[in-house]
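A closer look at the structure
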Amino acid sequence: MFFDRFPKDFLWGASTSAHQVEGRNINDWTEFEQRSALSFAKNAENLGFFLDRFAKEAAKKENYISGLSANHIDNYEEDFYLANKIGLGSYRFSIEWSRIEPEEGKFDDKAIRYYKNIIRVLRTYQIEPFVTLWHWTLPVWFVAKGGFKKRKNDHYFLRYVEKIVTEFKDEVNYFITLNEPEIYSMNSYYRGLWPPQKKGLYNFTTVFNNLARIHNDSYKIIKNINSNLQVGIAKNNSYFEIGKDNFRNRTIKKFADYFWNDLFLKKISNHQDFIGLNYYFRNRIDGWFNKNRNPKTSDLGWDLYPQGIYNVLLDLKKYKKPIYITENGLADARDKHREWFLAETVKALAKALGKSVDVKGYFHWSLIDNFEWDKGFWPRFGLVEVDYKTQKRTMRKSGEYYGKIIAAHNRAKNRQSK
Ligand code: BGC
C-alpha cells in the first residue's frame, strides 16, 4: 500500500515565518517597505509575470507594506485550531529577533512569553513545533552595525541564539538556525533587491560564507545547551533539469548543482542533525537557466513541477542525514492547482522513500496566506485563506484535501499496528 512506505512517525505539517504573518513588526524589512512601496506599486505594471487579475492589487502601495499582515499575533489560537482541524502533527514558525531584542542587549520578556504561549497552544493539539531562529528579517540596530556582512557582528546573533535556546530548551526539540541563506545572500547582497540592497559577487560570497560560519557556531552553542536538540537549516534546492543533452547543458547543470544545491550544505556538513529542504520548482537548463517550457505555472509564474522533489531528495541521500521538507507550496489564489500539487508531491515522497531516502516530515508552505516579501500580499500560498480586511480565515478546499492525505496515512498506521 502507498502510505505504508511512510514511517509511522512521519510528521505532516505546515510552515509560516514571523514577519510574513504576525503583523506590527519593526525591523529592517518594515523600513524597507516604507521606502520602496511606492516604486514597487508603480513598477508593478512592467513586471512581465503579472497576470491581469493581480494587476490592480499589485499597483497599490499598501500591497507592499506588511503592517498588520495576517495579524497572527492576535489570531494564533484560531490559526492553530485550523491547523489541528487539518490534522497537522507539526508546525514550523520563526521567532522574530527584532521582537526579542528590540534594542541591543535588551531582551523583551513579553515577546518571549508570546512565543511560549504559541508553543503551549501547539502542544495542547499535540503539534510538534519546529522553530526557525532567523527567517530573513533583522533588528534595525543590528543592520546599522553592518549586519551579517561583518564578521565582528557574529556574536550578536550567537548571543540571541543562546538566549532563545536556553529559554526554550525544555519546550522545543527541533531548531532551524537559518532560513535559505543562499536566497538571502543572493537577493540582499548580490542582486540588490532586498534590504540592505547591496550588489556584487564580493558581497555575496562574504555573506554566504559568514552565514555558514554563523550556522556552525550556532550549532555548537545549541548542542552545548542540550546535545539531544535536533538542529538543521532550511535549504532551498532546485531540480536542475537539462533540455538537450549536450556538453554545454551538462556543464551548466554541474555548476548549478554544485553552487546552488551543494556548496552551503558541504560547508555545514559536520554541523547538522537533519537537512531541512525547501523545494519549490524545477529550473530547466537549455543554453541557459530558467528555460521553462511548462505551460503550468503558479500565480508568480513559477514552473509547477512537484515531481522534481523526488530528484532533489535522491540527490540529498548522499549526506546520510534525515530530511524534513521544511517548505513546499505554490501561489495559487484560485486554489486551482494546489490539490494536484499536493497529490503529486506525496507520490514523489513515496517514490523517494521507496529508494530509502530518509524523509521524516513534510511542511506545506503555508498554513495561512501571508506577506510574500517584495511581491506583497497578492500571492496566496495558504491552505487557509485570509481576508486581510476582516482577518477572517477560510479553509481552502486544498486544506481539506491535505487533511484527507493525513487521515489516509493515519488509517494505514492503524492497519499496520493491528
Ligand atoms: C521562503 C518563504 C517564501 C516562500 C515562497 C521561501 O523561499 O522561505 O519565506 O514565502 O519561499 O516564496
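Residues numbered from 1 in each chain as written. Predicted model: local features only at pLDDT ≥ 70, side-chain atom pairs only at ≥ 80, totals over all residues. Heavy atoms only, no water.

Digging into the overall build of the protein
Across its full length, the protein carries 14 helices and twelve strands. Against the 2.2 N^0.38 benchmark of 22 Å for 418 residues, the protein shows a C-alpha radius of gyration of 20 Å, consistent with a compact globule. Its C-alpha atoms give the protein principal-axis dimensions of about 55 × 50 × 45 Å. Expressed as a percentage of its 418 residues, the buried residues of the protein come to 58%. In the form shown here, the protein has an accessible surface area of approximately 17700 Å², with 51% of it arising from carbon and sulfur atoms. Computing the positive centroid from 68 side-chain charges and the negative centroid from 50, the protein places the two 5 Å apart. (Helix = DSSP H or I, 4+ residues; strand = E, 2+ residues; numbered from the N terminus. Rg over C-alpha atoms; globule rule 2.2 N^0.38 Å. Buried < 20%, exposed > 50% of the residue type's maximum accessible area, 1.4 Å probe, protein only. Areas by Shrake-Rupley, 256 points an atom, 1.4 Å probe, with all protein chains shown as cover. Lys, Arg positive; Asp, Glu negative; His and termini not counted. Charge placed at Lys NZ, Arg CZ, Asp CG, Glu CD.)

What to know about the environment of asparagine 292
Among the structural elements, asparagine 292 can be located in the loop between strand E8 (282-285) and helix H12 (308-316). Spatially, the C-alpha atom of asparagine 292 lies 21 Å from that of phenylalanine 381, the residues being 89 residues apart in sequence. In this structure, asparagine 292 is in contact with Arg284, Thr297 and Asp303, ignoring residues within four places of it in sequence. From its side chain, asparagine 292 meets the backbone nitrogen of asparagine 294 in a polar contact 2.8 Å long. (Contact = heavy atoms within 4.5 Å. Polar contact = N/O pair within 3.5 Å; in protein donor to acceptor, adjacent residues only side chain to side chain.)

Describing the site of the ligand
The environment of the ligand is made up of Gln20, His135, Trp136, Asn179, Glu180, Tyr280, Trp302, Glu327, Trp365, Glu372, Trp373 and Phe381. Glutamate 180 has a polar side-chain atom sitting 2.5 Å from an oxygen atom of the ligand. The contact in question runs from an oxygen atom of the ligand to an N or O atom on the side chain of tryptophan 373, over 2.9 Å. Each residue belonging to the shell around the ligand can be placed in one class, and the counts come to six nonpolar, three polar and three charged. (Near = heavy atom within 4 Å. Nonpolar A, V, L, I, M, F, W, Y, C, P; charged D, E, K, R; others polar.)

Some words on the nonpolar core
Residues Trp12, Phe148, Phe175, Leu313 and Tyr402 are the most contacted members of the largest nonpolar core, which totals 108 residues. The biggest single contributor to this core is helix H10 (residues 201-225), with nine residues. Leave out the neighbours within four places in its chain, and phenylalanine 148 touches Trp97, Trp134, Leu138, Phe142, Phe157, Tyr184, Tyr189, Val207, Asn210, Leu211 and Ile214. In terms of nonpolar packing, the next biggest core, distinct from the first, is built from twelve residues, Ala58, Tyr64, Tyr280 and Ala331 among them. (Core = buried A, V, L, I, M, F, W, Y, C linked by side-chain atoms within 4.5 Å.)

Observations regarding helix H8 (residues 154-168)
With 15 residues, H8 extends 21 Å between its outermost C-alpha atoms, agreeing within 8% with the 21 Å of an ideal straight helix rising 1.5 Å per residue. For H8, the complete set of buried residues consists of Asp154, Tyr156, Phe157, Leu158, Tyr160, Val161, Ile164, Val165 and Phe168. On the buried face of H8, the contacting elements are helix H5 (97-100), helix H6 (109-124), strand E3 (128-134), helix H7 (140-144), strand E4 (174-179) and H10. (Expected span 1.5 Å × (residues − 1).)

Here's the deal with unusual backbone geometry
The omega angle of the peptide bond from proline 195 to proline 196 is 10°, so this bond is cis rather than trans. The peptide bond linking tryptophan 365 to serine 366 adopts the cis configuration, its omega dihedral lying at 15°. Mapping serine 366 onto the fold places it in the loop between strand E10 (359-365) and strand E11 (384-387). With phi around 80°, tryptophan 136 is a residue other than glycine that occupies positive phi space. Mapped onto the secondary structure, tryptophan 136 falls in the loop between E3 and H7.

A word on the packing of aromatic side chains
Going through the model one piece at a time under the given rule, you end up with 60 aromatic pairs. Centre to centre, the rings of tryptophan 97 and phenylalanine 157 are 5.4 Å apart; their planes meet at 70°, and the pair counts as edge-to-face. Of this pair, tryptophan 97 sits in helix H5 while phenylalanine 157 sits in helix H8, and the two are 60 residues apart along the sequence. For the pair shown, tryptophan 97 and phenylalanine 157 are each scored as buried. Where phenylalanine 148 meets tyrosine 184, the ring centres are 6.5 Å apart and the plane angle is 85°; that geometry is what we call edge-to-face. Here phenylalanine 148, found in the loop between H7 and H8, pairs with tyrosine 184, found in helix H9 (residues 181-189); they are 36 residues apart in sequence, far enough to count as distant. Residue phenylalanine 148 is classed as buried on the basis of its relative accessible area, which comes to 2%. One aromatic cluster is present, formed by Trp97, Trp134, Trp141, Phe142, Phe148, Tyr156, Phe157, Tyr160, Tyr184 and Tyr189 through successive ring pairs. Over the ring of tryptophan 340 we find lysine 296, and its NZ or CZ is 3.5 Å from the ring centre. Between the NZ or CZ atom of lysine 351 and the centre of the ring of tyrosine 310, over which it lies, the distance is 4.1 Å. (Phe/Tyr/Trp six-rings, centres within 6.5 Å; stacked < 30°, edge-to-face > 60°. Lys NZ or Arg CZ within 6 Å of the ring centre and 35° of its normal.)

A closer look at helix H2 (residues 28-43)
Taking 1.5 Å per residue as the helical rise, H2 with its 16 residues ought to reach 22 Å, and the 22 Å between its terminal C-alpha atoms agrees with that figure. A bend of about 55° at serine 36 is the largest found in H2. At the N-terminal end of H2, a side-chain oxygen is found 2.9 Å from the backbone nitrogen of tryptophan 29, two or three residues along, and the residue is asparagine 27. (Bend = angle between axes of the 7 residues up to and from the residue.)

Thoughts on the sheet that holds E4
On the basis of which strands lie adjacent, the closed barrel formed by eight strands has the order E1-E2-E3-E4-E5-E7-E9-E10 and parallel pairing. When the angles between neighbouring strand axes are averaged without regard to direction, this sheet yields 25°. Sitting on the sheet, H6 is in contact with strand E2 (90-94) and E3, with an inclination near 170° to E2. Along the sheet face, H10 touches E3, E4 and strand E5 (230-236) and points at about 160° away from the line of E5. (Pairing = 2+ DSSP bridges. Axes fitted to C-alpha atoms, helices over the stretch in contact; angles between N-to-C directions.)

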